[in-house]
Structure formats: C-alpha cells, structure tokens
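Read off the chains here:
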Amino acid sequence: MTPADLPTHLPHFIGGESVDSVSGATFDVLDPVSNRPYATAAAGDREDVARAVRAARTAFTDGPWPTMPGRARARILFAAADAVEAREDRLAELESFDTGLPITQARGQAKRAAENFRFFADLIVARGDDAYSVPGSQLNYVVRRPVGVAGLITPWNTPFMLESWKLAPALASGCPVVLKPAEFTPLSASLWPGIMADAGLPSGVFNLVNGIGEDAGAALVGHPDVPLISFTGETTTGKVIMREAAENLKGLSMELGGKSPVVVFADCDLEAALDSTLFGVFSLNGERCTAGSRILVERAIYEEFCERYAERARRIVVGDPADPATEVGALVHPEHYERVLAYVETGKGEGRLLAGGGRPEQLREGNYLAPTVFADVKPDARIFQEEIFGPVVAITPFDTETEAIDLANAVRYGLAGYVWTDNLKRGHRVAGAIEAGMVWLNSHNIRDLRTPFGGVKNSGVGHEGGHRSIDFYTDEHIVHVALGDVHTPRFGANPDGASR
Ligand code: NAD
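Conventions and cut-offs
- Residues numbered from 1 in each chain as written.
- Predicted model: local features only at pLDDT ≥ 70, side-chain atom pairs only at ≥ 80, totals over all residues.
- Heavy atoms only, no water.
- Patch = residues over 30% accessible without salt bridge, like charges linked within 9 Å, V, L, I, M, F, W, Y side chains within 5 Å.
- Areas by Shrake-Rupley, 256 points an atom, 1.4 Å probe, with all protein chains shown as cover.
- Salt bridge = Lys/Arg side-chain N within 4 Å of Asp/Glu carboxyl O.
- Helix = DSSP H or I, 4+ residues; strand = E, 2+ residues; numbered from the N terminus.
- Buried < 20%, exposed > 50% of the residue type's maximum accessible area, 1.4 Å probe, protein only.
- Domains from an automatic or database assignment.
- Contact = heavy atoms within 4.5 Å.
- Buried area = accessible area lost by both parts, 1.4 Å probe.
- Polar contact = N/O pair within 3.5 Å; in protein donor to acceptor, adjacent residues only side chain to side chain.
- Nonpolar A, V, L, I, M, F, W, Y, C, P; charged D, E, K, R; others polar.
- Near = heavy atom within 4 Å.
- 1 Å grid on protein atoms, 1.4 Å probe; cavity = no way out; pocket = protein on both sides within 12 Å on 5 of 7 lines; lining within 4 Å.
- Sits in = over half its atoms within 2 Å of the grid points.
- Pairing = 2+ DSSP bridges.
- Core = buried A, V, L, I, M, F, W, Y, C linked by side-chain atoms within 4.5 Å.
- Points joined across faces, edges and corners; volume = space filled by probe spheres on them.
- Axes fitted to C-alpha atoms, helices over the stretch in contact; angles between N-to-C directions.

A. Region of the structure containing a nonpolar patch on the surface. Taken together, the side chains of L139, Y141 and L483 present a nonpolar region at the surface, about 260 Å² in accessible area. One can find Y141 in strand β7 (residues 138–146).

Laid out in structure tokens, this is it:
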C-alpha cells in the first residue's frame, strides 16, 4: 500500500535548508514490494559533503550548540523525542513502505528512537566529570568537550532507529552532525529536518546528505574537518572506511556484521527456546545484525527441535509489509534479494532443507522469501560462515559443551550469542566462553540502553551504549592545578653553570 503524500524527491538538508546536489545528480529509490522507483534522491558527492561539513563546522566554531549547558541541550533532545513520537504512524508507514519491514514491527521503531533521545538527554545532564585530588599538592579535573563534526553513516535495516542511535548521543555531546543514510532506504530520514525544527535545534547542527556509499559516504570519511566517523554496516565496508580514515587519524566507532550462534542445551525450556530462536532470526525479515542465524542444538533433542522448528517456520505469515498479519515482509532491495537467494541455493548443497527455500508461490513479485531452514549444516559450509542477512537459518547438532563452544566460536564474527539451558553453572560458563560482544542467557535480544553494545572479532571496534557513546563523541581535557608551591629542579640557576 502506497502511503498518502509520499514524497517524490528526497533532497539533502544542509545548514537549515533542503537543497539538491550541486551537480544536480539523483538516484532512484525503489519500494521492495513492486521494485519500481517511487522517488528520486539527491546523489551527494564531494562538493555536497563539503558544503554540509562547512555548515556543521560553523555550528561547531560559532556555537551555541557545543557550549550550551547540558540541561539546555537536553531540553531540545526531549522535544526531539516528542516530535519523533508525534510522527509514530507516519514513520511506521514510511519505514514499512521503503524497507519492506512488516508494519507491526515498523511501529515499534518510533518508540525506540524517541527513547534514544530521552536516554541521552538524561545522561548528559546526570553525568559528572572526573576530578582527582592529590592532597596538598594538586587538583586535577577533567573537562569533556565535543570532538567536532561527527560523520554518521548508517545501514538500511531499521534505518530510522539506527540513525537515532547515533544522532542522540552525538547531539547530546554537543557535536554537530552530517548524517549519510543508506541509499536503499532514504525515505524515513526525510522526517529528521522537521523533527529537528520542531525541537528547536539551531540551524547547521543537523545536516543530512543523501547518496551512494562510495561517493557521499567516502567523501565524509575523507573530509579533514570531520574528526569522527560512527559507522554501522557491513564488515567489508568497515574495513574500507578504517583504511581511508587512517589518513586523517579519525576516531572510529564500527558496528559491523554478525553470524551469531544460539546454543540450545537439552535441559532448556524448549518451548521458550523455540519461540525465541524463531523470533531471533525471522523478525525484521532476518535483516538484523544480532540475528541468531546459527542454531546449535544438543543431540538428545536435535531431531525434535528441527521438526518443531521447521513446522513453525512453515507457518510464518509472509506477505505485504502493510498487512498487520504479516510476520515476514519483503527484503529491502532486489540486489540484496538476489544475494540472499544465491545463499539459499548454496545452502541446498550444504544442508538438509526443512522449510522454505525460495519465493512463496502466491507472491509473484516483490522480494519475498519463505523462511528458510537448513539442518545438518557443517561448520565449513558457507551458510554457516557467512552473514546472509535474510530469513535463513542453519541448524547444527553438537554432543558436548566443549563442541558447542567450539562451533559457536568457529566463525570470524563475534557480535552476539544466545544460550538456552536450565543449568545455571553451565549457562554462565558457556556465556563466558562465547566470543561475542553481547550474550543473552535464556532470552532473545532485549537491551537496556545503559549496557554496552558492540562486537568483537570482525563484528566491530569499540562499544556504544550509555556513557560509552558520550565518551566517543567527547574528548577528555584534563586540567592540573597546583595547590601549593611546586618544587621544581632549578635548571640554569647556577651563575657558573655554562662554563663548568
Ligand atoms: P553497507 O556497509 O553496505 O552500507 C552501510 C552504509 O555505508 C551505507 O550508508 C552505505 O552507503 C555506506 N557506505 C558504503 N560504502 C562506503 C564507503 N566506501 N565509504 C563510506 N560509506 C560507505 O551495509 P548495509 O548493507 O547497508 O547494512 C547491512 C550490514 O550492516 C550488515 O552486515 C549488518 O550486520 C550490519 N549492521 C550491523 C549492526 C551493528 O550494530 N553491529 C547493526 C545493523 C546492521
């Protein structure tokens, strides 16, 4: 269903104005149900990025944003949260239309995005800075200062929510920003200028440049006046960005890909594990960085688990993202769809196909894939090793706890891990042994905003979440103050010194 009043053109937003690219270049934006272009977006390049960085840099040097008291910035962030929530329905319909996310799952995104703004508004007011007293000698105090213009580069899965996850801490810290949204899904980002205006954010603090990653994204990474890049996306892109950013020694936060294991022991609450492992890989169309896309199941319950899992997977409702009954919608873009389908074909030679395996018969166009389940997948299989980023899961049996841990860690990624067992000691042991930034025990991915978020190995560098995000966008400036006389060795104080 096409939302009413759908924009047909998506410009940049620079220095408080909607503008097109200096070159006039545009690119087409498709909806994943028809794969037909419904809008054009301005295709930014070096010149447009330079213009946006100039606006942000002026907001940084001339103020008032970076030097405003935390409370004053927090007021504006709270207003931004309210403005996001006021657009809840509109955001959900735009996000669902542009990304193919089921509408019921798109509806949650506004609340989470608003919560990000409120959380970092609270944090910037509540947090104190360190001071170190050296009695009788020194007082040392830390002043945190925003680093400068922050470049925010985001992916197409839950785009608006992930943009808010970077915008909120960057703005709370006092950094003006240039946001480069993913080119597959620029639609919901077009809401930000209105949100920021409603909130009363000073002009030039929020800037948005649409465009292709290799052009607009690369220009942001290469710009010498952008000291920070916060990036979420694929591991291969992350590596390119790290290489490019080295030239200017930029601060980097890298949230990258995943191939997260779920370890299911025979003693677990099987019903709960089934619910959670199905939701964990098939929600958000499987286009989820923390998806539990490899399920490792103890041999004693392996056949029963596979059978029940596949039966449920076959019953998942795939269809029009706008239909509230839909559980899995359309994959974001035909290029991505082809890539996922290629993995499904590879999987047919690597595992036992239990469910799905292709386009559902009744859905003749659009990027639809029936939830696909492969069992008996060996650890050297590509569908075990590589991130597919779609509704596809690999199930593998194990016999011992040691084998389960080895299998869990047998990939280059280390974003999330999940463990299902009723044995408390084993639960902690295995959670501790999984090489991942985040592990959930007897739960799917539920996160408190204060906790660290991030991956190890090829899944990322650095952690976000809570004060870690503020640490990233601010520099620590230490002032050492002498409290008494300082006894300094007196160089050059001897009148005969030089002649000796
Ligand atoms: P992607 O790497 O293709 O693109 C992400 C962003 O980077 C886009 O805005 C793109 O335009 C830009 N980009 C591409 N090439 C660039 C370059 N050379 N220089 C600068 N910018 C460039 O990723 P995607 O396909 O949009 O997103 C899916 C990936 O994101 C998956 O791997 C997923 O696991 C990962 N992801 C990770 C997390 C996390 O928190 N760890 C969260 C969500 C998604």
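B. Inspection of the environment of D380 at higher detail. Relative to the elements of secondary structure, D380 occurs in the loop between β16 (372–375) and α12 (382–385). Residue class for D380 comes out exposed when judged on its relative accessible area of 67%. Along the primary structure D380 and V411 are separated by 31 residues, whereas in three dimensions their C-alpha atoms are 9.2 Å apart.

C. Structural view of the domain arrangement of the protein. Considered domain by domain, the protein is made up of domain 1 (9–255 + 466–480) and domain 2 (261–441). Using C-alpha coordinates to define each centre, domain 1 is positioned 31 Å away from domain 2. Facing 23 residues of domain 1, the contacting portion of domain 2 comprises 28 residues. Considering only the surface of domain 1 that becomes buried against domain 2, V33, W156 and F184 emerge as the three largest contributors, covering 27% of it. Our enumeration of links across domain 1 and domain 2 arrives at zero salt bridges. Where domain 1 meets domain 2, there are ten residue pairs in polar contact (both at pLDDT 80 or more). Of all the secondary structure elements, the ones that give two or more residues to the side of domain 1 that touches domain 2 are α3 (88–99), α4 (103–126) and α8 (235–246). By residue number, the principal contributor to the side of domain 1 that touches domain 2 is α4, which donates four residues. For the side of domain 1 that touches domain 2, a count of residues per class yields eight nonpolar, twelve polar and three charged.

D. Here's a closer look at the site of the ligand. Taken together, 29 residues surround the ligand, and among them T154, K180, E183, T237 and E387 come closest. For the ligand, an oxygen atom lies 2.4 Å from a polar atom in the side chain of E183. In this structure, an oxygen atom belonging to the ligand sits 2.6 Å away from a side-chain N or O atom of E387. Coverage of the ligand by the protein amounts to 92% of the 850 Å² it exposes when considered alone. Counting atoms within 2 Å of the grid points, the majority share of the ligand lands in the largest pocket. Elements that contribute at least two residues to the shell around the ligand include exactly α7 (213–222), β11 (228–232) and α8. Looking at the shell around the ligand residue by residue, the class counts come to 15 nonpolar, nine polar and five charged. Both domains that furnish three or more residues to the shell around the ligand are identified here as domain 1 (9–255 + 466–480) and domain 2 (261–441).

E. Structural view of the sheet that holds strand β4 (residues 26–30). Across the sheet, three strands lie side by side as β1-β5-β4; this open sheet has mixed pairing. A strand with exactly one partner marks an edge of an open sheet, and here the two such strands are β1 (9–10) and β4. Where β4 lies against strand β5 (residues 37–42), five bridges are found, and the strand directions are antiparallel. In the strand pairing of β5, F27 is matched with A41.

F. Inspection of the nonpolar core at higher detail. Counting 100 residues, the largest nonpolar core has F117, W192, F206, V264, F282 and Y309 as its most contacted members. Per-domain counts for this core show at least three residues from each of domain 1 (9–255 + 466–480) and domain 2 (261–441). Not counting residues within four places of it along the chain, the set of residues in contact with F117 comprises L77, A80, A81, S164, L167, A168, L171, W192 and M196.

G. Quick look at empty space enclosed by the protein. Scanning the entire structure with this criterion turns up five cavities of 30 Å³ or more. The calculated volume of the largest cavity comes to roughly 80 Å³. Split by residue class, the lining of the largest cavity holds six nonpolar, four polar and three charged. Roughly 50 Å³ of volume is contained in the second largest cavity. Every residue along the wall of the second largest cavity is listed here: V262, S276, T277, G280, G292, Y418, W420 and H444. Secondary structure elements with two or more residues in the lining of the second largest cavity: α9 (270–282) and β19 (416–420). Sort the elements by how many residues they give to the lining of the second largest cavity and α9 lands first, with three residues.

H. Region of the structure containing the sheet that holds strand β17 (residues 392–398). Ordered by their spatial adjacency, seven strands build an open sheet running β15-β16-β17-β14-β13-β19-β20, and the pairing between neighbours is mixed. The sheet is open, and its two edges are formed by β15 (352–355) and β20 (438–441), each paired on a single side. The mean inter-strand angle of the sheet, taken between neighbouring strand axes irrespective of direction, is 20°. Note: strand β14 (residues 294–298) against β17, five bridges, orientation parallel. Residue pairing for β17: V297 is matched across the bridge by P397.

I. Looking closely at the pattern of salt bridges. Tallying each qualifying case throughout the model produces 25 salt bridges. Between R308 and E271 there is a salt bridge, and its shortest N-O distance comes to 2.5 Å. A residue pair is termed long-range when its members are at least 10 positions apart, and R308 in helix α10 (residues 299–315) and E271 in helix α9 qualify at 37 residues. Of the residues examined, E271 reaches a relative accessible area of 40% and is grouped as partly exposed. Residue D448 is joined to R450 by a salt bridge in which the shortest nitrogen-to-oxygen separation is 2.9 Å. Taking the relative accessible area as the measure of exposure, D448 reaches 35% and is therefore partly exposed. Salt bridges sharing partners connect three or more residues here, namely R127, D129, R144, D471 and E476.

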